[in-house]
Amino acid sequence: MHLDALRTAIEARRELACGIVERRGMTWVSVVGVGGARRLAEVGCDYVRSAWWFTWDDGRPIVPAREVHRAVDVLTRELRTP
């Protein structure tokens, strides 16, 4: 549910593209920046700190899953950084 909301929010941004990926028994949103350097970020969702959080593929928390638009902003900045 949270990853679907994230995917939908990413698809609304022209500077990002994404897809759902299943690997290692986990579901991820694989995100790339459009028109820039080929950089990839994979985002999962995990129950951390008593709430659902979007997480990087290494498990580090990004933002709480209820803050979908903030997560997209973080991803945009991350994928824009050289």
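Residues numbered from 1 in each chain as written. Predicted model: local features only at pLDDT ≥ 70, side-chain atom pairs only at ≥ 80, totals over all residues. Heavy atoms only, no water.

Draft legend 1. Spotlight on helix H2 (residues 68-80). Here H2 contains 13 residues, and its C-alpha end-to-end distance of 18 Å stays within 8% of the 18 Å for a straight helix at 1.5 Å per residue. Along H2, the residues that are buried comprise Val68, Ala71, Val72, Val74, Leu75, Thr76 and Leu79. Tucked inside the fold, the buried residues of H2 contact helix H1 (2-11), strand S1 (16-23), strand S2 (26-33), strand S3 (40-48), strand S4 (51-56) and strand S5 (61-64). (Helix = DSSP H or I, 4+ residues; strand = E, 2+ residues; numbered from the N terminus. Expected span 1.5 Å × (residues − 1). Buried < 20%, exposed > 50% of the residue type's maximum accessible area, 1.4 Å probe, protein only. Contact = heavy atoms within 4.5 Å.)

Draft legend 2. Broad picture of the packing of aromatic side chains. Using the criterion set out here, one finds one aromatic pair in the structure. Aromatic side chains Tyr47 and Trp52 sit 5.4 Å apart centroid to centroid with 70 degrees between the ring planes, which places their arrangement in the edge-to-face category. Using a relative accessible area of 43% as the deciding quantity, one classes Trp52 as partly exposed. Lying across the ring of Trp53, Arg49 places its NZ or CZ 4.9 Å from the centre. (Phe/Tyr/Trp six-rings, centres within 6.5 Å; stacked < 30°, edge-to-face > 60°. Lys NZ or Arg CZ within 6 Å of the ring centre and 35° of its normal.)

Draft legend 3. The environment of Ser50, seen in detail. Tracing the sequence through the fold places Ser50 in the loop between S3 and S4. Once the C-alpha coordinates of Ser50 and Thr76 are considered, the two residues, 26 residues apart in sequence, prove to be 26 Å apart.

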